[in-house]
Amino acid sequence: QVHLRSAERLRELCCANRGTFIKVGQHLGALDYLLPEEYTRTLKVLHSQAPQSTRQEIEQVIREDLGKEIKELFVSFEDTPLGAASLAQVHKAVLQDGRTVAVKIQHPKVQAQSSKDILLMEVLLLVVKQIFPDFEFMWLVEEAKKNLPLELDFLNEGRNAEKVAHMLKNFDFLKVPRIYWELSTRRVLLMEFMEGGQVNDRAYMERNGINVNEISRNLGKLYSEMIFVNGFVHCDPHPGNVLVKKCPASGKAHIILLDHGLYQVLSESFRMDYCRLWQALIKADMKKVQKYSRRLGAGDLYPLFACMLTARSWESVNRGIDRSPVSASEDVEIRSNAAAYLPQITQLLNNVPRQMLLLLKTNDLLRGIESALHTRASASSFLNMSRCCIRAVSTYQKSKSHSLYRRTQISLTEALSLWQIDLYELFLWLKGSQLGKWVIALLSRMHHST
């Protein structure tokens, strides 16, 4: 009852202050594996049901930015938004030429209000720092100062959308809405209209015959490619921004990636250290886990850093995070440890490179989706990460080598490592398939008869 009361008060606070406060509430609502259910369930509405701007406010923004009235631009324009988020809301409309579009319109007061929100947050954090010297949260303000102006520029969002669509064009299951530049400004963004169920809605997927494990696996592929191979990462994958839909023609399930305002560009040195750290975590190589955690700013808190990255207990990290799925008792241990080690967590967040902060947020959101779909810690996600890490490290090594022999050697090592992963994945598939069960049963009978 206390959790529910506190969560409802927190939701009301976010809705009353809007803007930046809603963004914080959205993040908290995605931490399924960390916060009590009363919080996540109550705050999840902020992903797509944040306070809305009125029709008059929407008309004002369109008039100021596009120089025309709504009725001049559109044959029809739905008054009720498809979704309302912290900075903007999206309406379905039909252009004069018959194209159905999604119109993203910024809340009119958010530009001016965001700077006040950040100032207020800075003052409050300084007060918290005086009362609780162990808690170091100023990095939060620094990140907000850097990221909010980018998120408030919808032209930047359009460019990011086109870049990621081109970058990941090999993934035929990914759909990114096309941008209509002729009717887009810094506060209004016109996109191709796409619809689907939220990626954490398991019931929607089951009703529409969408394979939950396939969606989880493909989402992991997308983010592994962005983080480890390209170093250009969509950092706001909360469920309102990731939709799924089954294509009626092909029967394939598509992942629709929305809201491209917040991206993190990773430096090459950071990306390589991060790749090697994940390789060490997957192999349970504790010496390398310590080495690369320290290189990423974790210092002596590297065990805590490893647990934060994987959302697993230190015992599971030592045993190997791909060896066993997350148990209910481990979830309880993680929640209790998060509270117990809060001063160390804040210290760690203050020490790691700024690039790591958005990656940790992205990890939190992705893990929240996996938790809702009951697909956390599946072997396939770690295999996909391993593939991307191997490819990224090999590409980096070849770029630094001037010897043809050495580059050939690196390519052969890469091919062999990828082949080993393919073989292991085939083994896991056979083990879980009906054919595999028959073979195991037959071998077992042969063993007993001998």
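Note that the coordinates shown come from a computational prediction; the quantities given were computed from them, not determined experimentally. (Residues numbered from 1 in each chain as written. Predicted model: local features only at pLDDT ≥ 70, side-chain atom pairs only at ≥ 80, totals over all residues. Heavy atoms only, no water.)

Examining the overall build of the protein
Along its length, the protein carries 20 helices and 11 strands. On C-alpha atoms alone, the protein measures out to a radius of gyration of 24 Å, which is about the 22 Å that the 2.2 N^0.38 rule sets for 450 residues. Taking the principal axes of its C-alpha atoms as reference, the protein extends roughly 80 × 60 × 55 Å. Counting the 450 residues in the protein, one finds 49% classified as buried. Counting contacts in the protein only where the partners sit at least 6 residues apart, residues at least 24 apart contribute 67% of the total. (Helix = DSSP H or I, 4+ residues; strand = E, 2+ residues; numbered from the N terminus. Rg over C-alpha atoms; globule rule 2.2 N^0.38 Å. Buried < 20%, exposed > 50% of the residue type's maximum accessible area, 1.4 Å probe, protein only. Contact = heavy atoms within 4.5 Å.)

Examining the pattern of salt bridges
Per the stated rule, a full pass over the model turns up 21 salt bridges. One salt bridge connects Asp259 with Lys104, and the closest N-O pair in it is separated by 3.4 Å. Separated by 155 residues along the polypeptide, Asp259 in the loop between strand S10 (253-257) and strand S11 (263-265) and Lys104 in strand S4 (residues 100-106) bring together distant segments of the chain. The exposure class of Lys104 is buried, given its relative accessible area of 9%. Notably, a salt bridge pairs Asp153 with Arg186, separated by 3.2 Å at the nearest N-O pair. In this pair, Asp153 is assigned in the loop between helix H7 (138-151) and helix H8 (154-167) and Arg186 in the loop between strand S5 (174-175) and strand S6 (188-192), connecting sequence segments 33 residues apart. Residues joined by salt bridges that share partners form a network here, namely Arg55, Glu59 and Asp79. (Salt bridge = Lys/Arg side-chain N within 4 Å of Asp/Glu carboxyl O.)

Notes on the sheet that holds S5
What holds strands together in a sheet is hydrogen bonding between their backbones, with the strands either parallel or antiparallel. The strand order S5-S10-S9-S7 describes an open sheet built from four strands, whose pairing is mixed. Whereas interior strands pair on both sides, the edge strands pair on one side only; in this sheet they are S5 and strand S7 (197-198). Pairing between S7 and strand S9 (residues 242-246): two bridges, direction antiparallel. Paired with Gly197 across the two strands is Val244, which belongs to S9. (Pairing = 2+ DSSP bridges.)

Remarks on the packing of aromatic side chains
Under the defined criterion, the tally for this structure stands at six aromatic pairs. Note on Phe74 and Phe77: the rings are 5.5 Å apart at their centroids and 45 degrees apart in plane angle, and the pair reads as tilted. Of the two residues, Phe74 and Phe77, both sit in the buried class. With centroids separated by 4.4 Å and ring planes inclined at 20 degrees, the aromatic side chains of Phe232 and Tyr263 adopt a geometry described as stacked. Here Tyr263 lies in strand S11 and Phe232 lies in strand S8 (residues 232-234), a separation of 31 residues in the sequence. Through a chain of ring-to-ring contacts, three or more aromatic side chains come together here, namely Phe228, Phe270 and Tyr274. Directly above the aromatic system of Tyr180 lies the positively charged group of Arg99, at a separation of 4.6 Å from the ring centroid. The cationic tip of Lys104 hangs over the ring face of Phe154; the distance from NZ or CZ to the ring centre is 5.1 Å. (Phe/Tyr/Trp six-rings, centres within 6.5 Å; stacked < 30°, edge-to-face > 60°. Lys NZ or Arg CZ within 6 Å of the ring centre and 35° of its normal.)

Observations concerning the side chain of His260
Turning to its location among the elements, His260 is positioned in the loop between S10 and S11. Within the local environment of His260, its side chain forms a polar contact with the backbone oxygen of Leu257, the two atoms lying 2.9 Å apart. Other than its neighbours up to four places away in sequence, His260 contacts Glu157, Asn160, Ala161, Val164, Val176 and His234. (Polar contact = N/O pair within 3.5 Å; in protein donor to acceptor, adjacent residues only side chain to side chain.)

Focus: the domain arrangement of the protein
Under the domain assignment used here, the protein contains domain 1 (1-52 + 109-151), domain 2 (268-401) and domain 3 (402-449). Placing a centre on the C-alpha atoms of domain 1 and another on those of domain 2 gives a separation of 25 Å. (Domains from an automatic or database assignment.)

Focus: the nonpolar core
The nonpolar side chains of soluble globular proteins are, as a tendency, buried together. Of all hydrophobic cores here, the largest spans 78 residues; its most connected members are Tyr274, Trp278 and Met356. The greatest single-element share of this core, amounting to nine residues, is contributed by helix H11 (residues 268-283). Setting aside residues no more than four positions away along its own chain, Tyr274 makes contact with Ile227, Phe228, Leu296, Leu309, Met356, Leu359 and Asn363. Of all hydrophobic cores here, the second largest spans 16 residues; its members include Ile62, Val103, Tyr180 and Val188. (Core = buried A, V, L, I, M, F, W, Y, C linked by side-chain atoms within 4.5 Å.)

A few points about the pairing of strand S3 (residues 88-95)
Note that strand S1 (residues 74-77) and S3 share three bridges and pair antiparallel. Paired with Phe77 across the strands is Ala93, a residue of S3. Examined bridge by bridge, strand S2 (residues 83-84) and S3 share two bridges and lie antiparallel to one another. Counterpart to Gly83 in the pairing with S3 is Val90.

Re the side chain of Asp273
As for its position among the elements, Asp273 is in helix H11. One polar contact links Asp273 to Arg295, side chain to side chain, over a distance of 3.2 Å. Look past the residues within four positions of Asp273 in its chain and what remains in contact with it is Tyr292, Arg295 and Leu296.

A closer look at the pairing of S6
Burial runs high along S6: four of the five residues are buried. The pairing of S4 with S6 spans five bridges and is antiparallel. Pairing of Lys104 across the sheet is with Leu189, part of S6.

Brief notes about unusual backbone geometry
The bulk of non-glycine residues show a negative phi, and the bulk of peptide bonds are trans. Here the phi dihedral of Asp259 falls at roughly 55 degrees; this positive angle occurs in a residue that is not glycine. The buried category is assigned to Asp259, whose relative accessible area is 19%. A positive phi angle, close to 55 degrees, is found at Ala284, a residue other than glycine. Among the secondary structure elements, Ala284 is positioned in the loop between H11 and helix H12 (286-295).

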